[in-house]
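Letter by letter, the chains look like this.
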Amino acid sequence: MNTLVDLKEKKIARMVVKVYGSAFASPKRVLLCLVEKGIEFETVPVDILKGEHKDPEYLKLQPFGAVPVIQDGDYTLYESRAIIRYYAEKYKSQGTDLLGKTIEERGVVKQWLEVEAQNFHPSIYNLVLHVLFSDKMGFPADAKVIEESEKNLGKVLDIYEERLSKSKYLAGDFFSLADLSHIPFTNYLGVMGKMYLIEERKNVSAWWNDISCRPSWKKVLEL
């Protein structure tokens, strides 16, 4: 028998979330979370390469002119990691539990989510920007930035290799936001011909093969 709370949660789950800028990696982080949680969504294209993120109407939603933004009814939120934490919390009992069951597990998930944002992301972002998007965005690729970013990313992945020798996933033996948050940008390593950064590290490679084969990521790639 459904309680009033159950009925309310089901009603909320049926609301369609709008995700802006879905063609790019950071919005795909949000889409992954929504698929894992079984939340309906629709995508709204925002072409950064054409400058649509600087459109006055878009800036009303995201004043810094970045993607993604979500609209959930009359609620608007930006910054992809804030968005995935919001939905993981809001729908904790629905779909995949991405936060951990205990306060200690949740602490470790948050720790590795911060590691992704502060240590992993800056280097891989610079690689992607200079290798894949410099021509499209109208600036010359900087070979020194590429070299230094790859070197720094390798150092980060060495730490991951040690961590993943002790647990299947970054926060423990369960898939979480900490792992999910890495998927869209790490996928670009294959596009850049730099997947050796993953493959030459046995534990990192096993981890990547696992998380990149999740049905949720396959679904996001099909969108």
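Source: prediction; values computed, not measured.

Concerning the overall build of the protein
Summing up its helical and strand segments, the protein has 11 helices and four strands in all. Relative to a compact globule of 223 residues, whose C-alpha radius of gyration would be 17 Å, the protein shows 18 Å and is just as compact. With respect to the principal axes defined by its C-alpha atoms, the protein has extents near 60 × 45 × 30 Å. Across the 223 residues of the protein, 49% fall into the buried class. At a minimum sequence separation of 6, the contacts of the protein that also span at least 24 residues come to 64%. Carbon and sulfur atoms form 54% of the exposed surface of the protein, whose accessible area is close to 11600 Å². One way to put it: in the protein the 31 positive side-chain charges average out to a point 3 Å from where the 32 negative ones average out.

What to know about the pattern of salt bridges
Working definition: two side chains of opposite charge can pair if their charged atoms are close together. For the structure on display, the rule yields 12 salt bridges. When the shortest N-O distance is used, the salt bridge between Asp-72 and Lys-90 registers 3.7 Å. Residue Asp-72 is located in strand S3 (residues 69–72), and its partner Lys-90 is located in helix H4 (residues 80–90); the two are separated by 18 residues in the primary sequence. For Asp-72, a relative accessible area of 6% corresponds to the buried category.

Description of the nonpolar core
A general tendency of soluble globular proteins is for nonpolar side chains to be buried together. Membership of the largest hydrophobic core comes to 57 residues, with the highest contact counts inside it found for Tyr-87, Tyr-160, Leu-177 and Trp-207. The greatest single-element share of this core, amounting to nine residues, is contributed by helix H5 (residues 103–137). In this structure, Tyr-160 is in contact with Trp-112, Val-115, Glu-116, Phe-120, Leu-170, His-182, Val-204 and Trp-207, ignoring residues within four places of it in sequence. In this structure, Phe-24, Val-46, Tyr-58 and Val-67 belong to the second largest nonpolar core, which totals eight residues.

Digging into the packing of aromatic side chains
Taken as a whole and judged by the stated rule, the model has 12 aromatic pairs. Ring geometry for Tyr-20 against Tyr-58: centres 6.2 Å apart, planes inclined by 55°, an arrangement best described as tilted. A residue pair is termed long-range when its members are at least 10 positions apart, and Tyr-20 in strand S1 (residues 17–20) and Tyr-58 in helix H3 (residues 56–61) qualify at 38 residues. Comparing Tyr-20 with Tyr-58, the two get one shared label, buried. Clustering of aromatic rings is evident, with ring pairs tying together Tyr-75, Tyr-86, Tyr-87 and Tyr-91. Above the face of the Phe-175 ring, Arg-214 is positioned so that its terminal group lies 3.8 Å from the ring centre.

Definitions and cut-offs
Residues numbered from 1 in each chain as written. Predicted model: local features only at pLDDT ≥ 70, side-chain atom pairs only at ≥ 80, totals over all residues. Heavy atoms only, no water. Helix = DSSP H or I, 4+ residues; strand = E, 2+ residues; numbered from the N terminus. Rg over C-alpha atoms; globule rule 2.2 N^0.38 Å. Buried < 20%, exposed > 50% of the residue type's maximum accessible area, 1.4 Å probe, protein only. Contact = heavy atoms within 4.5 Å. Areas by Shrake-Rupley, 256 points an atom, 1.4 Å probe, with all protein chains shown as cover. Lys, Arg positive; Asp, Glu negative; His and termini not counted. Charge placed at Lys NZ, Arg CZ, Asp CG, Glu CD. Salt bridge = Lys/Arg side-chain N within 4 Å of Asp/Glu carboxyl O. Core = buried A, V, L, I, M, F, W, Y, C linked by side-chain atoms within 4.5 Å. Phe/Tyr/Trp six-rings, centres within 6.5 Å; stacked < 30°, edge-to-face > 60°. Lys NZ or Arg CZ within 6 Å of the ring centre and 35° of its normal.

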